[in-house]
Amino acid sequence: MYNEELKRRFIDDAITSEGRKYVASTLFNRLEEDELVWCADICTKSKEDVLPVVAKLCGNKGRTPDMVLSVLQGYARWCIKHEVPGATDGLLQVKEVDGNSMKTHMVSGPAHLNHYLNSAFDPESMCTIDLIYRCFYWLAFAGVEEGDATSILSSAVDLDNRSLAYDGRILSLCDECMKTVELCVTKNEFLYIRPDGERWRRRNGVGYLLGGYRGAPNFSTIRVEARKKAKVQKFRDVLDPDHTDARLDFQSSYFRVWISGLFYRIYLKECAGEEVSFHEDISRSMHKRNYKLDKAKRTEDNTLDRMCVEYGKDYLRWKEAFSL
């Protein structure tokens, strides 16, 4: 956290709710990378400087900007009130956040996701461990929940029918992912590349679609390694001006790709004349996740209704962002 002592003083002095304190700490930690680039606290920056940073913090959820702006503008007012050197009203001038930030967090369809994967990871033909990272995101796009990704067995894949048996349903697999999926199903070893040479290394996780060198796959390990590899590739491309691309702005996670896949399937249904409805998908997802419910307000039904409304709004923002 950049300028941590000042920000901790603000949190302790101006925020009473423990939940809101946690949100503020998380936002300030995420801000650190940009503040280090500026070599300055965000409270000292102009509206033009903070707008892209705030948009990045808001991500792809329609209800997030209100919380982000509330915390950051509260911090700006507090800094001005306490005469923090250099404090300005730049954050206070921000009235709304550019919805285009969704473009950096989500994908418009399988071709878009494939473009990102091709730019972030080794080519499929090399048969390196990157096949696992590619397949990781394709499972998300197909509709597999986070908690289930590493338990998917290779035997659940039907290569002939391009489908995946999952949770009592049959998920369709897109053309763009089939080469990756087929290699993850059929390969018993991956090419292991080190500075001192290359060798083929046996997969000890054979049987699992995402099985790697060390037995049964672990979700956290795959997620961390996949994002680490993507960042290394991004750094290499920045060093090579002839290889740069707008794709470098893509900042996604398993859940964001999962939502992108959901929105894409809803969009195809809408194009076919079907009514837009998230009820079935969200109801199924709720039973996979833990939601706080109570008898007075957060019953399962009204939580489901609220989430359907929120997803509906985000779906419209997604379509607008990608001009669909």
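First, a word on scope: everything that follows refers to the structure included in this document. (Residues numbered from 1 in each chain as written. Predicted model: local features only at pLDDT ≥ 70, side-chain atom pairs only at ≥ 80, totals over all residues. Heavy atoms only, no water.)

## With respect to the pairing of strand S5 (residues 197-202)
Along any regular strand, the residues point their side chains to alternate faces of the sheet.
Phase 1 of the analysis: Of the pairings in the sheet, the one linking strand S4 (residues 189-194) to S5 comprises six bridges and is antiparallel in character. In the sheet register, Leu 191 faces S5, and the bridge partner there is Trp 200.
Phase 2 of the analysis: Taking the residues between adjacent antiparallel strands as the criterion, S4 and S5 are bridged by two residues. (Pairing = 2+ DSSP bridges. Helix = DSSP H or I, 4+ residues; strand = E, 2+ residues; numbered from the N terminus.)

## A look at the nonpolar core
Phase 1 of the analysis: With 62 residues, the main nonpolar core has Leu 139, Val 144, Leu 164, Phe 263 and Phe 278 as its most contacted residues.
Phase 2 of the analysis: Listing elements by their share of this core, those giving two or more residues are helix H5 (110-120), helix H6 (130-142), strand S2 (163-166), helix H7 (178-186), helix H8 (219-239), helix H9 (254-271), helix H10 (279-286) and helix H11 (300-321).
Phase 3 of the analysis: Looking at this core element by element, the count peaks at eleven residues for H6.
Phase 4 of the analysis: If near-sequence neighbours (up to four positions away) are discounted, Val 144 is found in contact with Leu 139, Ala 149, Ile 152, Leu 164, Tyr 166, Leu 171, Tyr 254 and Trp 258.
Phase 5 of the analysis: The next biggest cluster of nonpolar side chains, apart from the first, holds 27 residues, and it includes Phe 10, Val 50, Tyr 75 and Cys 79. (Core = buried A, V, L, I, M, F, W, Y, C linked by side-chain atoms within 4.5 Å. Buried < 20%, exposed > 50% of the residue type's maximum accessible area, 1.4 Å probe, protein only. Contact = heavy atoms within 4.5 Å.)

## What to know about the sheet that holds S2
Phase 1 of the analysis: Ordered by their spatial adjacency, three strands build an open sheet running S1-S2-S3, and the pairing between neighbours is antiparallel. Where the open sheet ends on each side, the last strands, each with one partner, are strand S1 (157-158) and strand S3 (169-172).
Phase 2 of the analysis: With four bridges connecting them, S2 and S3 associate as antiparallel partners. Residue Ala 165 lies in a different strand from S3, and its bridge partner there is Ile 170.

## Considerations on the pattern of salt bridges
Phase 1 of the analysis: Across all of its chains, the model carries twelve salt bridges by this definition.
Phase 2 of the analysis: Between Arg 162 and Asp 175 there is a salt bridge; the shortest N-O distance is 2.5 Å. Residue Arg 162 is found in the loop between S1 and S2, and its partner Asp 175 is found in the loop between S3 and H7; the two are separated by 13 residues along the sequence.
Phase 3 of the analysis: Since its relative accessible area comes to 37%, Arg 162 is described here as partly exposed.
Phase 4 of the analysis: Residue classification places Asp 175 among the exposed positions, given a relative accessible area of 56%.
Phase 5 of the analysis: One continuous salt-bridge network, built from bridges that share partners, spans Lys 7, Glu 35 and Asp 41. (Salt bridge = Lys/Arg side-chain N within 4 Å of Asp/Glu carboxyl O.)

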